[in-house]
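Below, each chain spelled out in residue letters.
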Amino acid sequence: MKVRDWERRLYVTAHPFAYPLLCAAARRGPVVRVPGVGVVVNDASLARGILMDGETFRKDGPGSPGELWTPVLGPSVLLNMEGEAHRVLRRRLADLFVPSYTEALCARVLDEPLARLTGRLRDGATVDLVDAARVLAGAVIGEVIGLETRTESAYRDLFEQGERIVSMVSLRTRRLSPSQVRRARAVLDPLGDIAAKAYAAGDESTVMGRMRTLGLSEDEARGAAGAFFLTGTETVATLLPRLIALLADHGQLARVAAGGAAMLDRAVDEAMRVTTPTPVMLRSVHRAVAVGGVAVRPGDRILIATHNCCRALGPFDLDRPHPPELRRLWFGAGPHFCLGYPLATAQIRLVARTLLAAGPLTVTRRAAARGVLIPTYRHLAVRAGRGTG
Ligand code: HEM
């Protein structure tokens with residue numbers, strides 16, 4: 001049976017012009033220069049080599065992604081830093097999201113909303129997994145920042161605020177306009193105040209309190225809270241419905257539900273590979289070198305097309321092993337490897353496990369989202385019980 005490629009449709013709907021260009025770039029070879037975009041890298045081994053070399057390929061300085069985010073997040077938020085300063089801050093944050101802590105945090109925050117979700121599915125209700133995942137991701141990031149209002153509408157609102165900032169960025173954006181910076185700051189400054197309050201309280205069971213214990217200044221903790229909010233909400237929230245849809249479309253829901261922890265991890269990894277919630281990574285070149293035979297110069301912009309690198313292996317297939325060069329490339333590699341990886345993993349595992357246990361799930365209705373940076377569903381309705389959907 002031919003499976004309809006919903007993932008492709010999500011990408012085309014989110015990026016009707018850029019996605020076909022990105023696919024065309026992949027067909028032209030492992031490294032191609034695209035006017036107006038930069039040097040596009042489509043090969044996982046070359047991408048990994050670039051990510052590991054933080055001296056030549058940087059996230060700070062002119063033309064780098066740092067330039068995009070520094071005006072809204074401040075100068076020292078990891079994702080716009082390099083070299084010794086970056087190493088020092090990463091070292092201090094190394095223990096912030098250890099798995100034992102992130103698993104306990106997700107269990108604490110998500111137990112109640114997940115019990116409600118399971119209850120609704122058991123009662124035969126149709127549930128929109130897009131909205132559910134937004135609320136759950138909002139709950140987790142709210143806890144990370146120190147949000148005191150713990151209601152579904154507060155979580156939904158938090159999610160939407162982040163979405164408003166992220167949707168200002170397209171695959172071509174190099175800088176935010178002054179009015180975009182103002183709008184982003186109008187969202188982030190009050191969140192920074194919430195984070196600063198939690199930092200000042202210093203409770204070591206909270207993420208902000210832990211940052212204080214780890215020796216971060218209040219400004220650094222504020223900046224980190226903003227960075228976590230921007231990088232760690234939509235990525236997780238969009239992955240969850242896409243994971244369930246992929247398993248449903250490939251007839252793998254029951255197999256993964258029955259398969260235990262290792263099987264679930266394999267399913268999550270394979271869904272990450274196919275969806276790549278962060279479809280591209282940017283660097284600016286600081287030293288003349290050759291990348292896969294293409295000469296690059298200082299000031300060149302490198303666009304690692306993570307999505308192309310990962311999709312080169314083929315369509316979704318739980319039985320195909322990942323070669324070493326692909327290993328978690330969707331979370332980056334090297335010095336900037338995703339700091340929130342343990343938090344994202346804990347959350348995705350817990351939510352996916354709960355949804356699968358409430359199944360068998362049937363997808364009854366769905367549509368792709370327009371005008372978003374991270375491709376996703378506008379809605380994905382599921383209900384428990386076998387059906388024709
Ligand atoms: C499915 C979920 C997620 C995906 C796919 C993802 C992906 C990534 C990728 C690809 C990078 C590296 C970017 C680069 O090198 O240019 C990154 C960095 C980062 N991520 Fe995540 N991420 C996710 C969730 C999270 C969460 C939940 C948090 C925190 C709450 C988070 C915080 C960060 C931070 C702070 C960085 C910057 C690290 C640095 O520059 O040193 N991410 N993420």
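Let us look at the structure shown here. (Residues numbered from 1 in each chain as written. Predicted model: local features only at pLDDT ≥ 70, side-chain atom pairs only at ≥ 80, totals over all residues. Heavy atoms only, no water.)

**Examining the coordination of the iron atom of the ligand**
Ideal values differ by geometry: the angle at a metal is 109.5 degrees with four tetrahedral donors, but 90 or 180 degrees with six octahedral donors.
Okay, so step 1: Looking at the protein side alone, the iron atom of the ligand has one donor only, Cys 338 (SG), at 2.3 Å.
Okay, so step 2: Topologically, Cys 338 is positioned in the loop between helix H15 (306–311) and helix H16 (341–357). (Donors = N, O, S within 2.8 Å, 3.2 Å for Na, K, Ca; no water. Helix = DSSP H or I, 4+ residues; strand = E, 2+ residues; numbered from the N terminus.)

**As for the state of the cysteines**
Okay, so step 1: Enumeration over the complete set of coordinates arrives at zero disulfides.
Okay, so step 2: Not part of a disulfide, Cys 106 finds its nearest cysteine sulfur in Cys 338, a span of 13 Å.
Okay, so step 3: A residue is classified by how much of its surface remains accessible, and Cys 106, at 1% relative accessible area, is buried.
Okay, so step 4: Between Cys 310, a cysteine without a disulfide, and Cys 309, which holds the nearest cysteine sulfur, the sulfur-to-sulfur distance is 6.3 Å.
Okay, so step 5: Judged by relative accessible area, which is 0%, Cys 310 ranks as buried. (Disulfide = S-S within 2.5 Å. Buried < 20%, exposed > 50% of the residue type's maximum accessible area, 1.4 Å probe, protein only.)

**Comments concerning the nonpolar core**
One recurring pattern in soluble globular proteins: nonpolar side chains tend to sit buried together.
Okay, so step 1: Trp 69, Leu 110, Met 211 and Phe 228 are the most contacted members of the largest nonpolar core, which has 131 residues in total.
Okay, so step 2: Per-element tally for this core: the top contributor is helix H7 (residues 129–145), with eleven residues.
Okay, so step 3: Residues within four places of Phe 228 in sequence aside, it is in contact with Leu 96, Phe 97, Ile 141, Val 144, Val 207, Met 211, Thr 233 and Leu 339. (Core = buried A, V, L, I, M, F, W, Y, C linked by side-chain atoms within 4.5 Å. Contact = heavy atoms within 4.5 Å.)

**Remarks on the site of the ligand**
Okay, so step 1: For the ligand, the set of nearby residues contains 26 residues, the closest of which are Lys 59, His 86, Arg 283, His 336 and Cys 338.
Okay, so step 2: One of the backbone nitrogen or oxygen atoms of Leu 78 is found 3.4 Å away from an oxygen atom of the ligand.
Okay, so step 3: Taking Arg 283, its side chain carries an N or O atom lying 2.7 Å from an oxygen atom of the ligand.
Okay, so step 4: With three residues, helix H11 (residues 218–232) is the single largest residue contributor to the shell around the ligand. (Near = heavy atom within 4 Å. Polar contact = N/O pair within 3.5 Å; in protein donor to acceptor, adjacent residues only side chain to side chain.)

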